[in-house]
Amino acid sequence: MPHDIGDWTYYFLREGSDKDAADMKHAMVLLLCEKLCLAPIKDPKRIGELGTGTGIWAIDMGDEHPEAEVVGIDLHPSQPGWTPPNVSFVLDDFENMPGGFTDDNPWCPSFRSPEYVFGRDLNLAIKDFSAVVRHAFKYATSICVGIMAYFPKLSSLTSGGWIEFQFLDHRVKSEAESFDSDHPIPRFWDLVGKGISALGFNPTTCWQGIVSEILDEQGFVDVVETAVKIPVGQWPKMKSLKLAGAYWEVISVTSAESIAQVPLSRGLKWEQDRIDEEVSCFKTAMKNHKDLHKRLMYTEYRVVYGRKPSAESQLDPKSDNVEGR
């Protein structure tokens, strides 16, 4: 069942094998990206993570930056009780607040003016990504971005803060000459995406260019977007990609039931027998290594980050150079 806190509903499980799969996904991302974040941060003193989940990223970040205060926010208390002294977790909703976010009731006050804000797979956890970004701009002091004519109280903000979002684009693609979109693996993720959309979430947020455009519109500069491939199966010759494919197989098979349950039952209104059959087909296909070696399927892991411009450039946007993607 989803986790409910008051009127807030959290649709994705973080218990048992799902927590193990989440931590394994963290290891897979580190293997592919080779570091915890891609934004070129330098000795940050305050770091905030949105949707911290099991807390593994925040803990690793705290170990890597012992001089920084790292705060992870999530709706569900699935983080460990023991953490490094510079890491803490807060039970909070960074998307919704009864009565809305105001100066007296600000967005994520526990972040304490972060110099770097990080979020992973938020398109599967929030309904209005643009609104969350706007809240971050307005209330997270040194990450805030905006035209001072609209936000006059932000005129003394510190410049240079970075914000970074990472997403798993579940759409399945292929390097083979032909691609069967009705194969159980791409069909499964397509159905999950349709179910998520029916619930009011927007899985297309992770598609190429979407988040970059949002950051551009809000005034971030040096916006960079990049993507790496996650093999569906162990078909690549490169050892690191083969291992990533092995990780993704275990993650997908282990989490298939909980990934599909709410989108298909509540979103698409499927009966349980039909859900079980679709999940079974997906898991069987994920374990058919011979077939996967022929199909050369993969998904993409996308990273987007941007920098808060200098105080001068908020008055004159032409004073900061913007890197193209």
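Structure first, text after, so check above.
Definitions and limits used
Residues numbered from 1 in each chain as written. Predicted model: local features only at pLDDT ≥ 70, side-chain atom pairs only at ≥ 80, totals over all residues. Heavy atoms only, no water. Helix = DSSP H or I, 4+ residues; strand = E, 2+ residues; numbered from the N terminus. Buried < 20%, exposed > 50% of the residue type's maximum accessible area, 1.4 Å probe, protein only. Areas by Shrake-Rupley, 256 points an atom, 1.4 Å probe, with all protein chains shown as cover. Phe/Tyr/Trp six-rings, centres within 6.5 Å; stacked < 30°, edge-to-face > 60°. Pairing = 2+ DSSP bridges. Axes fitted to C-alpha atoms, helices over the stretch in contact; angles between N-to-C directions. Contact = heavy atoms within 4.5 Å. Parallel < 35°, antiparallel > 145°, perpendicular 65-115°, else oblique. Left-handed = near helix turned anticlockwise from the far one by under 90°. Nonpolar A, V, L, I, M, F, W, Y, C, P; charged D, E, K, R; others polar. Expected span 1.5 Å × (residues − 1). Core = buried A, V, L, I, M, F, W, Y, C linked by side-chain atoms within 4.5 Å. Patch = residues over 30% accessible without salt bridge, like charges linked within 9 Å, V, L, I, M, F, W, Y side chains within 5 Å. Salt bridge = Lys/Arg side-chain N within 4 Å of Asp/Glu carboxyl O. Lys, Arg positive; Asp, Glu negative; His and termini not counted. Charge placed at Lys NZ, Arg CZ, Asp CG, Glu CD. Polar contact = N/O pair within 3.5 Å; in protein donor to acceptor, adjacent residues only side chain to side chain.

1. Here's the deal with the overall build of the protein
Item 1. The number of helices and strands found in the protein is nine helices and nine strands.
Item 2. The proportion of buried residues among the 325 residues of the protein is 53%.
Item 3. As presented, the protein carries roughly 15,100 Å² of accessible surface, and 51% of it is formed by carbon and sulfur atoms.

2. Brief notes about the packing of aromatic side chains
Item 1. Taken as a whole and judged by the stated rule, the model has nine aromatic pairs.
Item 2. With a centroid separation of 6.0 Å and an interplanar angle of 20°, the aromatic rings of W189 and W248 are classed as stacked. Taken together, the residues span a long stretch of sequence, with W189 in helix α4 (residues 184–198) and W248 in helix α6 (residues 239–267) at a distance of 59 residues. In this structure, W189 and W248 share a single accessibility class: buried.
Item 3. Centre to centre, the rings of W189 and F282 are 5.9 Å apart; their planes meet at 85°, and the pair counts as edge-to-face. Of the two residues, W189 sits in helix α4 while F282 sits in helix α7 (residues 272–286), which places them 93 residues apart along the sequence.
Item 4. For F282, a relative accessible area of 0% puts it in the buried group.
Item 5. Members of the aromatic cluster, connected to one another through ring pairs, are F188, W189, W248 and F282.

3. Some thoughts on the sheet that holds strand β8 (residues 221–231)
Item 1. The seven strands lie next to each other as β5-β4-β3-β6-β7-β9-β8, forming an open sheet whose pairing is mixed. Where the open sheet ends on each side, the last strands, each with one partner, are β5 (87–91) and β8. For this sheet the average axis-to-axis angle between neighbouring strands, irrespective of direction, equals 20°.
Item 2. As paired elements, β8 and strand β9 (residues 297–307) share nine bridges and run antiparallel to each other. Bridging from a neighbouring strand, E225 pairs with V304 of β9.
Item 3. Packing of α4 onto the sheet brings it into contact with β7 (162–174) and β9, and relative to β7 it is tilted by some 135°.
Item 4. On the sheet, helix α5 (residues 210–218) packs against β7, β8 and β9 and is oriented at approximately 10° with respect to β9.

4. Considerations on the packing of α6 against α7
Item 1. Running from N to C, α6 and α7 cross one another at 160°; their axes reach a closest spacing of 10 Å. As summarised for this structure, α6 and α7 are arranged roughly antiparallel, according to the angle between their axes. Every pair of crossing elements has a handedness; the one defined by α6 and α7 is right-handed. Residues W248, E249, S252, V253, A256, E257, A260, Q261, L264 and S265 of α6 touch α7, and the partners they reach there are Q272, I275, V279, F282, K283 and M286.
Item 2. In terms of residue class, the contact of α6 with α7 is made up of nine nonpolar, four polar and three charged.

5. Considering α4
Item 1. With 15 residues, α4 should reach 21 Å at 1.5 Å per residue; the first-to-last C-alpha distance of 21 Å fits that figure.
Item 2. Of the positions making up α4, those classed as buried are I185, P186, F188, W189, L191, V192, G193, G195 and I196.
Item 3. Residues of α4 that are buried in the fold lie against β7, α6, α7, α8 (289–295) and β9.
Item 4. Positive backbone phi, at 105°, marks G200, one or two positions downstream of α4.

6. Section: the nonpolar core
Item 1. In this structure, W57, M61, Y116, I185, F188 and W248 are the most contacted members of the largest nonpolar core, which totals 54 residues.
Item 2. Per element, the largest residue contribution to this core is eight residues, and it comes from α6.
Item 3. Sequence-distant contacts of W248, defined by excluding residues within four places in its chain, comprise M28, L168, H170, W189, I230, P231, V232, M286 and T299.
Item 4. Listed in part, the 19 residues of the second largest apolar core include F94, L122, I163 and V211.

7. Some points on a negative patch on the surface
Item 1. Together, E271, D273, D276 and E277 make up a region of like negative charge exposed at the surface.
Item 2. When you line up the elements, E271 lands in the loop between α6 and α7.
Item 3. For E271, a relative accessible area of 61% corresponds to the exposed category.

8. Re the side chain of E278
Item 1. Position of E278 relative to the elements: it lies in helix α7.
Item 2. Here the side chain of E278 touches R187 through a polar contact of 2.7 Å, side chain to side chain.
Item 3. With near-sequence residues (within four places) excluded, E278 lies in contact with R187, F188, L191 and W270.

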